[in-house]
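Okay, here's what each chain looks like letter by letter:
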Amino acid sequence: MLHGTTVATNAILEGKGATVGLVTTKGFRQVLQIARSYVPGGLAGWIIWPKPEPLAALENTVEVDERIASDGSVVRKLSEADVRAQLARLTGIDALAVSLINSFADPAHERRIAEIAAELLPGVPVSLSSDVLPELREYERTVTTVANGYVQPQVKRYVETLAGKLADGGVGGELAILRSDGGLSSADAAIGAPVTMLLSGPAGGVTGAVWVAEQCGVPDLITFDMGGTSTDVALVQGLSPRIGRETQVGDLTVRASSVDVRTVGAGGGSIAHVPDLTKALRVGPQSAGADPGPAAYGAGGTEPTVTDANVVLGYLPPTLAGGEITLDVDGARAAVGKVAEAMGLPSAEAAAAGIVDIVNENMLGGLRLVSVQQGFDPRDFALVAFGGAGPLHANALGKLTGAWPVIVPPSPGVLCALGDATTSARSESARTVLRRFSDLTSEDLAALLRELATDAGARLAEQGVPGPSRPPPSRSTCATTARASRSRSRSPISTAMRSPPSPPRSTPSTNVSSRSCWAPTTSW
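This section reports on the structure supplied with the text. (Residues numbered from 1 in each chain as written. Predicted model: local features only at pLDDT ≥ 70, side-chain atom pairs only at ≥ 80, totals over all residues. Heavy atoms only, no water.)

Attention shifts here to the overall build of the protein chain. Broken down by element type, the protein chain carries 16 helices and 27 strands. Every one of the 524 residues in the protein chain was classed for burial, and the buried ones make up 49%. Within the protein chain, counting contacts between residues at least 6 apart in sequence, those at least 24 apart form 70% of the total. Element-wise, carbon and sulfur atoms account for 52% of the exposed surface of the protein chain, whose accessible area totals about 23,700 Å². (Helix = DSSP H or I, 4+ residues; strand = E, 2+ residues; numbered from the N terminus. Buried < 20%, exposed > 50% of the residue type's maximum accessible area, 1.4 Å probe, protein only. Contact = heavy atoms within 4.5 Å. Areas by Shrake-Rupley, 256 points an atom, 1.4 Å probe, with all protein chains shown as cover.)

Below, the structure written as structure tokens:
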């Protein structure tokens with residue numbers, strides 16, 4: 001049973017996650033409040049931007065007496081008495097996150113805190129930064145660990161309930177959950193690291209679109225997933241989706257690998273309106289949602305939406321699904337007529353054409369985000385349209401972008417589910433190594449890569465995935481790679497393993513170290 005879900009995404013977007021307690025090193029209590037001092041919104045963003053509250057409140061953040069240096073040496077031993085005293089202050093929390101300074105170099109103190117927390121806070125899940133993200137940069141490591149704890153109880157409850165219902169229904173197969181990077185993980189692995197599934201839903205659509213494009217003999221494509229509220233787009237080269245090292249959900253950005261999906265607020269339920277001041281037609285980002293939905297649904301909706309415009313123009317027939325669904329054409333016409341009246345247009349059809357043109361331009365902006373603004377010409381890519389409304393607008397977007405051919409897969413509304421069945425298990429292991437390049441021998445590099453490969457492979461083995469058919473990089477391979485990339489410095493060592501195995505490739509990863517540190521990212 002392969003499953004993609006937005007339960008973790010919704011928990012963050014709706015602010016309905018767990019109450020998280022945070023343990024930091026003394027002097028770093030406000031790490032989430034200080035953050036990176038980045039304010040979105042242009043030059044005036046600092047005036048109008050309301051800063052979101054951290055996922056772990058300051059009153060639920062405690063400091064413990066300890067210190068580890070960046071080279072892993074112990075500057076100040078962990079005071080267990082202080083740990084017990086500080087944990088006793090954390091009452092009413094649903095999850096605990098532990099992120100100590102330089103724990104990526106030595107996780108011993110974090111692991112001891114987890115052992116003490118198991119005694120004092122029984123039943124409270126604990127997320128350690130040395131497990132979630134053993135990399136340099138204190139804020140990114142902390143916010144990612146806290147996000148993991150924030151969604152963990154809800155994800156655990158959801159996955160365990162789903163597994164129980166499947167078992168009760170006689171489904172004996174293993175339950176696998178789709179990750180944000182398009183790979184699969186076991187149910188237990190998803191519960192342990194739910195931060196890796198924040199974009200589980202959109203990633204399924206991308207992997208499904210890749211499978212469809214491969215059947216059509218098209219290696220380069222742009223995915224176009226238009227739903228009721230938003231449109232998700234992504235770019236794929238050589239049947240490999242672009243994978244980023246950051247995942248963004250709403251105002252939250254965490255360090256977790258994910259398919260590079262961009263979202264715009266345009267969908268079938270996007271509401272068209274005419275502001276009194278400008279008298280210029282606008283579409284979205286407000287949405288009628290599923291309840292009451294567009295006026296054409298006949299469920300009480302009265303606002304003009306993109307779906308209503310498609311009904312008025314005849315792009316959607318009066319009946320769907322072999323007559324099982326009947327659309328309210330008169331209701332759609334009445335709703336769109338409000339726009340025609342507000343703008344002084346001669347007919348509802350004229351207003352509907354304007355609504356469709358504007359929403360197409362809005363979605364064109366999203367497609368340009370992943371193509372033109374990334375240095376890619378969309379005319380070199382096919383456009384794969386899916387989702388509940390994607391095929392309706394596919395040809396128009398194909399003309400606007402110049403993408404060709406436009407591909408609409410069978411059953412496009414459930415392509416995300418198909419994507420779950422076309423991908424494979426995946427695990428990722430990463431760490432930061434601070435070392436001068438001149439001191440890093442090929443033997444050291446090979447040993448580090450083997451450790452990472454073993455770590456990622458062990459997690460896959462726990463999920464029943466056999467090891468790669470080829471061994472981890474040899475001394476000569478690593479030495480050659482190091483010589484070829486000698487000019488690159490300051491990036492983490494990370495290794496990803498997939499099943500079934502594919503030929504190894506080596507690419508530089510993102511710069512996260514402050515000095516003299518290099519290693520490649522290697523995949524099998």
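After that view of the structure, there is still more to cover.
Turning our attention to the pattern of salt bridges. Applying the stated rule across the entire model yields 18 salt bridges. Lys 16 is paired through a salt bridge with Glu 14; the nearest N and O atoms lie 3.6 Å apart. Accessibility expressed as a relative area gives 56% for Lys 16, which makes it exposed. The partner of Asp 455 in a salt bridge is Arg 459, with the nearest N and O atoms 3.0 Å apart. One end of the pair is Asp 455 and the other is Arg 459, both in helix α15 (residues 442-462) and four residues apart, which spans about a single turn. Among the ionic contacts, a cluster of salt bridges with common partners joins Glu 135, Arg 245, Arg 255 and Glu 428. (Salt bridge = Lys/Arg side-chain N within 4 Å of Asp/Glu carboxyl O.)

The next subject is the packing of helix α11 (residues 329-343) against helix α12 (residues 348-370). Here α11 crosses α12 at 80 degrees, and the two axes come no closer than 8 Å. It follows from the interaxial angle that α11 and α12 lie roughly perpendicular. Note on element contacts: α12 touches α11 through Ala 348, Glu 349, Ala 351, Ala 352 and Ile 355, opposite Arg 333, Val 336, Gly 337, Val 339 and Ala 340. Residues of the contact of α11 with α12, tallied by class, amount to seven nonpolar, one polar and two charged. (Axes fitted to C-alpha atoms, helices over the stretch in contact; angles between N-to-C directions. Parallel < 35°, antiparallel > 145°, perpendicular 65-115°, else oblique. Nonpolar A, V, L, I, M, F, W, Y, C, P; charged D, E, K, R; others polar.)

The next subject is the sheet that holds strand β8 (residues 176-178). Strands sit in the order β1-β8-β9 across an open sheet of three strands; the sheet is mixed. The strands lining the two open edges of the sheet, one partner per strand, are β1 (2-3) and β9 (184-186). Note: β8 against β9, three bridges, orientation antiparallel. Opposite Ile 177, over in β9, you have Ser 185 as the bridge partner. (Pairing = 2+ DSSP bridges.)

Scanning all chains against the criterion turns up one aromatic pair. Ring centres of Phe 376 and Phe 381 lie 6.0 Å apart, and the angle between their planes is 90 degrees; on these two criteria the pair is classed as edge-to-face. For the pair shown, Phe 376 and Phe 381 are each scored as buried. (Phe/Tyr/Trp six-rings, centres within 6.5 Å; stacked < 30°, edge-to-face > 60°.)

The parallel open sheet is built from four strands, whose spatial order is β3-β2-β6-β7. Every other strand in the sheet has two partners, leaving β3 (61-64) and β7 (126-128) as the edge strands with one partner each. In this sheet, neighbouring strand axes are inclined to one another by 20 degrees on average, regardless of whether the strands run parallel or antiparallel. The sheet contact formed by strand β2 (residues 20-25) and β3 spans four bridges and is parallel. Among the inter-strand pairings, Thr 25 is bridged to a residue of β3, identified as Val 64.

Structurally, the position occupied by Thr 9 is in helix α1 (residues 7-13). Residue class for Thr 9 comes out buried when judged on its relative accessible area of 10%. Spatially, the C-alpha atom of Thr 9 lies 9.3 Å from that of Val 195, the residues being 186 residues apart in sequence. In this view, Thr 9 contacts Leu 198, Leu 199 and Val 249; residues no more than four positions away in its chain are not counted.

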